[in-house]
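Overview (structure and organization)
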Amino acid sequence: MSKGMSGKTIFDELDPIFHPRSVAVLGASAKQGKIARVLMDRFLEMGFKPLYPVNPRESEIMGLRVFHNIKDVPGPVDLAIILTPTDAALAAVKDCVTKKVKTIVVTTSGFGEAGEQGRKVQQEMVRIARKGGARIIGPNCVGIYCPSSKLPFLCQAGKDSGTVGVVSQSGFFADFITQTACANNIKFSKAISCGNEADLNAVDFLEYLGEDPETELIAGYIEGVKDGRRFYELSREISKKKPIILWKGGLTEAGARAAVSHTGAIAGSRAVWEGALRQAGIVGARSFEEVFDYLYAFYSQPLPKGKRVGIISGPGSTAVGTTDICLELGLELPHFSKETVEKLRRIIPPVGGSVNNPIDLSLASLVNPLIHKDAIDAVARDKNIDMLLLITVIGGEQLREIVLDATRNVENKKPLVVTLMGGTTQEVAQDFPLMLGSGISVYPDAARAAKVLKKLWEYAEFRAGGSICI
């Protein structure tokens, strides 16, 4: 972990940001439809205290006394969130520095991403803040989410702490991933939206999360970094102990142009980026769907010891098609051991089913759903198998109990991903929180489940001394 001129590590410097004793909201509002009102709602829902609304034209907001200027707040303020119009943001930063605020989150946009004049104002903010001993997050961001400290994002993420850390140059990415994953029983340690990165940047927070004892898995979105060497070296070191799931935006020429107007980031060469991500052991994602798919596996599944997959399927055609997909991804479907085959023969009817890999449970899986349990137990104990892929049309509590019962007494835990095909997409989605909350990684399509297994295997290979194919 690197140390600054003060002798402190970046963890020492940044950790207080996530644990403020008091917060002021500059530009606070009680008006419906205002971002400032939504943020006030979230703070009150989380139960953060003391919270100081600041607005020169209000006296009370949502039952709280309003201060006309942050300098009027009677006690110290550790964290200030600026929601003022663009032309008032610089003055707000000056007031925060006078108040001796240590961390200033500037959510307001219209600065470096808007052109040269905005960039100059952005730089002046940083100069003033650093001279006064303050650090800036943003501008053009949504700030910090830390459930253990009751710090909220705009969207309704959960109140309970977990083990996933998020760092993002996009405010929407940070908001959306925490809200959606929390709804599916995934819990977060911290999340940071750093926007234009006028001062603190994504690599700073990546380093912090890499050392954070509360964070075991990192997910992120970036469009560009100022110090590519530092990013690469940090990512490679962090990946040796914690997975990093990263969506890199701006890989194409058009995407790179969009990145400049979005966060002001310089995206860089696609070939250079893809090589760096691979060598650094980063689990590369190219869509929200892939970010969630990988997150749901790395959150709860152990790493495999190899790439040998055992497929257990109720639908026969899906088993065959998924076999093709696994092999095309570079995975293997070996023969089961003689002991496993004998167990399966006692379980699966001889007509309509198959005890080979992939297993076809036949229509018996509908008549007697417990056949899933016996098949999972047999395959999970097979020394020829490193990972399991279950394809089923049953769901709900029945499926949850079957999977948990089947894996509870298996000594050597192996990754198990479940493809749930029982009903419409909406019906399947209703089972996600139930399954994920019990440590069962679930997907609506077997191709996505197979790709997840590939990512788990590739990351395991990196941890063993290799690299990742993004």
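Note that the structure is a prediction, hence the values are computed from the model and not measured. Within each chain, residues carry numbers counting from 1 in the order of the written sequence. In keeping with the model being predicted, local features are shown solely for residues with a pLDDT of at least 70 and side-chain atom pairs are shown and tallied solely at 80 or more, while totals for entire chains, interfaces and linings include all residues. In computing side-chain values, all of the structure's heavy atoms are included and hydrogens and water are not.

1. Concerning the layout of surface pockets
Every definition here rests on a 1 Å grid over the protein atoms only: cavities are sets of points where a 1.4 Å probe fits but cannot get out, pockets are open sets enclosed by protein on both sides within 12 Å along at least five of seven lines, and lining residues have some atom within 4 Å of a point. Grid points are joined across faces, edges and corners, and a volume is the space filled by probe spheres set on the points. Here the largest pocket defines a volume of roughly 730 Å³. Forming the walls of the largest pocket are 31 residues, and the residues nearest its centre are L26, G27, L83, T84 and P85. Those elements giving two or more residues to the lining of the largest pocket turn out to be α2 (35-46) and α3 (86-98). The dominant element in the lining of the largest pocket, judged by the number of residues it contributes, is α3, at 4 residues. Lys, Arg, Asp and Glu make up the charged group, whereas Ala, Val, Leu, Ile, Met, Phe, Trp, Tyr, Cys and Pro make up the nonpolar group; the residues left over, Gly among them, are polar. Partitioning the lining of the largest pocket into residue classes produces 16 nonpolar, 10 polar and 5 charged. The calculated volume of the second largest pocket comes to roughly 430 Å³. If you go around the second largest pocket, you meet 18 residues; those closest to its centre are E13, P16, K102, G133 and R135. Numbering of helices and strands starts at the N terminus; helices are DSSP runs of H or I of at least 4 residues and strands are runs of E of at least 2. With 3 residues, the single largest contributor to the lining of the second largest pocket is helix α1 (residues 10-14). For the lining of the second largest pocket, the class distribution of residues is 6 nonpolar, 4 polar and 8 charged.

2. Observations regarding a nonpolar patch on the surface
Here a patch means residues that are over 30% exposed by relative accessible area and free of salt bridges, tied together within 9 Å if like-charged and within 5 Å if nonpolar (Val, Leu, Ile, Met, Phe, Trp, Tyr). Shrake-Rupley sampling with a 1.4 Å probe provides the accessible areas, and residues are treated as covered by the protein chains on show and by no other component. Each reported salt bridge corresponds to a side-chain nitrogen of Lys or Arg within 4 Å of a carboxyl oxygen of Asp or Glu. Side chains of L363, L366, V367, V393 and M421 sit close together on the surface and give an oily, nonpolar patch of about 500 Å² of accessible area. Tracing the sequence through the fold places V393 in the loop between β16 (387-392) and α15 (396-407). Exposure is judged per residue with a 1.4 Å probe applied to protein chains only, and the accessible area is read against the type maximum: over 50% gives exposed, under 20% gives buried, and values in between give partly exposed. Residue classification places V393 among the partly exposed positions, given a relative accessible area of 34%.

3. Here's the deal with the side chain of S22
Structurally, S22 can be placed in the loop between α1 and β1 (23-26). The term polar contact refers here to a pair of N or O atoms within 3.5 Å; inside protein, the definition further demands a hydrogen-donor-capable atom paired with an acceptor-capable atom, and it admits residues adjacent in sequence only when both atoms are side-chain atoms. Only 2.7 Å separates the side chain of S22 from the backbone oxygen of P76, close enough to count as a polar contact. At a separation of 3.2 Å, a polar atom in the side chain of S22 contacts the main-chain amide nitrogen of D78. Among all residues touching S22, those that are not within four sequence positions of it are F48, P50, Y52, P76, V77, D78 and L79. Should any heavy atoms of two residues lie within 4.5 Å, those residues are counted as being in contact.

4. Brief notes about the sheet that holds strand β13 (residues 283-285)
One key point about sheets: their strands pair by backbone hydrogen bonds, in either a parallel or an antiparallel sense. Taken together, 6 strands build an open sheet; the order of strands is β8-β10-β9-β11-β12-β13 and the sheet is mixed. The outermost strands of the open sheet, each flanked by one partner alone, are β8 (143-145) and β13. When strand polarity is set aside, the average angle formed by the axes of neighbouring strands in this sheet is 20 degrees. Relative to β13, helix α10 (residues 288-298) is tilted by about 145 degrees, and along the sheet it contacts β9 (161-168), β11 (217-222), β12 (244-248) and β13. Should DSSP find at least two bridges between two strands, the strands are taken to pair. Only the contacting stretch of a helix is used when fitting its axis, a line to C-alpha atoms as for every element, and angles between N-to-C directions run 0 to 180 degrees.

5. A word on helix α11 (residues 316-328)
Note on helix geometry: an α-helix contains 3.6 residues per turn, so any two residues three or four positions apart are oriented the same way. Across its 13 residues, α11 extends 19 Å between first and last C-alpha, which sits within 8% of the 18 Å expected from 1.5 Å per residue. Residues of α11 that are buried: T318, A319, T322, T323 and C326. Buried residues of α11 fall within an arc of 145 degrees about the axis and therefore sit on the same side. Those residues of α11 that are exposed and aimed more than 90 degrees away from the buried face are S317, V320 and E328. Against the buried residues of α11 lie β14 (309-313), β15 (359-360), β16 and α18 (446-463). Of the residues trailing α11, G330 is marked for its positive phi of about 95 degrees. In this scheme, a helix's expected span is set at 1.5 Å multiplied by one less than its residue total. Summarising the geometry, the arc corresponds to the directions from the helix axis toward the C-beta atoms.

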